[in-house]
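# Breakdown of the fold
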Amino acid sequence: ATPGWLGRWLAGRALAAGLDGVDLRFHKCITPELVQELHASGLVIFTYTVNDAAAAKHCASLGIDGLTTDDPAAIRAALR
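## Re the environment of Asn51
In this structure, Asn51 sits in the loop between β2 (44-48) and α3 (53-62). For Asn51, a relative accessible area of 40% translates into the label partly exposed. Between the C-alpha atoms of Asn51 and Asp70, which are 19 residues apart in sequence, the distance is 6.2 Å. Excluding residues that lie within four positions of it along the chain, Asn51 makes contacts with Thr69, Asp70, Asp71 and Ile75. In this structure the side chain of Asn51 is engaged in a polar contact, spanning 2.8 Å, whose partner is the side chain of Thr69.

## Concerning helix α1 (residues 4-16)
Taking 1.5 Å as the rise per residue, α1 with 13 residues should run 18 Å; its terminal C-alpha atoms sit 18 Å apart, in good agreement. For α1, the full list of buried residues reads Leu6, Gly7, Leu10, Ala11 and Ala14. Seen end-on, α1 carries its buried residues on one side only, within an arc spanning 120°. Exposed and facing more than 90 degrees away from the buried side of α1 are Trp5, Arg8, Arg13 and Ala16. Turning to α1, the residues buried within the fold contact β1 (21-25) and α2 (32-40). Directly beyond the C-terminal end of α1, a positive phi value near 80° is found at Gly18.

## With respect to the packing of α3 against helix α4 (residues 72-79)
Close contact between α3 and α4 brings their axes to 9 Å; oriented N to C, the two are set at 55°. The orientation of α3 with respect to α4, classified from their angle, is oblique. Crossing of α3 against α4: the hand is right-handed. Where α3 abuts α4, its residues Ala53, Ala56, Lys57 and Ala60 lie against Ile75, Ala78 and Leu79. Partitioned by chemical class, the residues of the contact of α3 with α4 number six nonpolar, no polar and one charged.

Reading the values: rules and limits
Residues numbered from 1 in each chain as written. Predicted model: local features only at pLDDT ≥ 70, side-chain atom pairs only at ≥ 80, totals over all residues. Heavy atoms only, no water. Helix = DSSP H or I, 4+ residues; strand = E, 2+ residues; numbered from the N terminus. Buried < 20%, exposed > 50% of the residue type's maximum accessible area, 1.4 Å probe, protein only. Contact = heavy atoms within 4.5 Å. Polar contact = N/O pair within 3.5 Å; in protein donor to acceptor, adjacent residues only side chain to side chain. Expected span 1.5 Å × (residues − 1). Arc of directions from axis to C-beta. Axes fitted to C-alpha atoms, helices over the stretch in contact; angles between N-to-C directions. Parallel < 35°, antiparallel > 145°, perpendicular 65-115°, else oblique. Left-handed = near helix turned anticlockwise from the far one by under 90°. Nonpolar A, V, L, I, M, F, W, Y, C, P; charged D, E, K, R; others polar.

By themselves, these figures tell us nothing about what the structure is for.
The structure is reproduced here in structure tokens:
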């Protein structure tokens, strides 16, 4: 599980900067707990660069709001 400090730190930095969301590199540190913490702070979460269908499905299962990909047609098809 992601330590709670990471979500609090990211949310604090983003909100202090007047942001309404974060764009995180796709990585194993993005956990359900981190997504929940950021969403609870009112932030949206995007991740980049997701080119693998299984990774895109994993992002969707975590509740990530959007992702960046080099292959939008394939990822869109995988998420349908």
